[in-house]
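One-letter residues, chain by chain:
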Amino acid sequence: MNTYKEGYQAGWAAYLEDCRNTLNGSFEKLLSESQHLADKAGHALPPQQQGDYWLGYHHGRTAAKTCLTRQQHA
């Protein structure tokens, strides 16, 4: 696994963990979805560079926040 993907998944997990009490049982489903999205996000990356983990982490947190916001407004 590349460092961006690891960071992306960690960001998703961290955001979901922060919101765990408001997710009403969908935590595990969203966490497994993050792995699929991290795989897709990591495909078009150039060779690994230092800092890819934290870039992925922040992208993952933002993606999780966007996903949860959309679900709450649907």
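What this report covers is the structure whose coordinates are included nearby. (Residues numbered from 1 in each chain as written. Predicted model: local features only at pLDDT ≥ 70, side-chain atom pairs only at ≥ 80, totals over all residues. Heavy atoms only, no water.)

1. Observations concerning the overall build of the protein
Let me state the cut-off plainly: Segments assigned H or I by DSSP are reported as helices when at least four residues long, segments assigned E as strands when at least two residues long, and all are numbered from the N terminus. Residues count as neighbours in contact if any of their non-hydrogen atoms are within 4.5 Å of one another. Per-residue and other accessible areas follow the Shrake-Rupley method at a 1.4 Å probe size, with only the shown protein chains counted as cover for residues.
When helices and strands are counted, the protein shows three helices and zero strands. Along the protein, helices (α) and strands (β) appear in the sequence α-α-α when read from the amino end. Long-range pairs, those at least 24 residues apart, make up 83% of the contacts in the protein between residues at least 6 apart in sequence. Of the roughly 4900 Å² of accessible surface on the protein, 51% is carried by carbon and sulfur atoms.

2. Looking at the pattern of salt bridges
Once the charged atoms of two side chains with opposite charge are near each other, the side chains can pair. The condition that has to hold: Salt-bridge detection follows one rule: a side-chain nitrogen of Lys or Arg within 4 Å of a carboxyl oxygen of Asp or Glu. Only protein chains enter the accessibility calculation, which uses a 1.4 Å probe; a residue whose area is less than 20% of its type maximum is buried, one above 50% is exposed, and one in between is partly exposed.
Considering all chains together, one arrives at one salt bridge under this definition. Where D18 meets R61, a salt bridge forms, and the shortest distance between an N and an O atom there is 3.1 Å. Remark: R61 occurs in helix α3 (residues 52–73) and D18 occurs in helix α1 (residues 3–18); sequence separation between them is 43 residues. With relative accessibility at 56%, the residue D18 sits in the exposed group.

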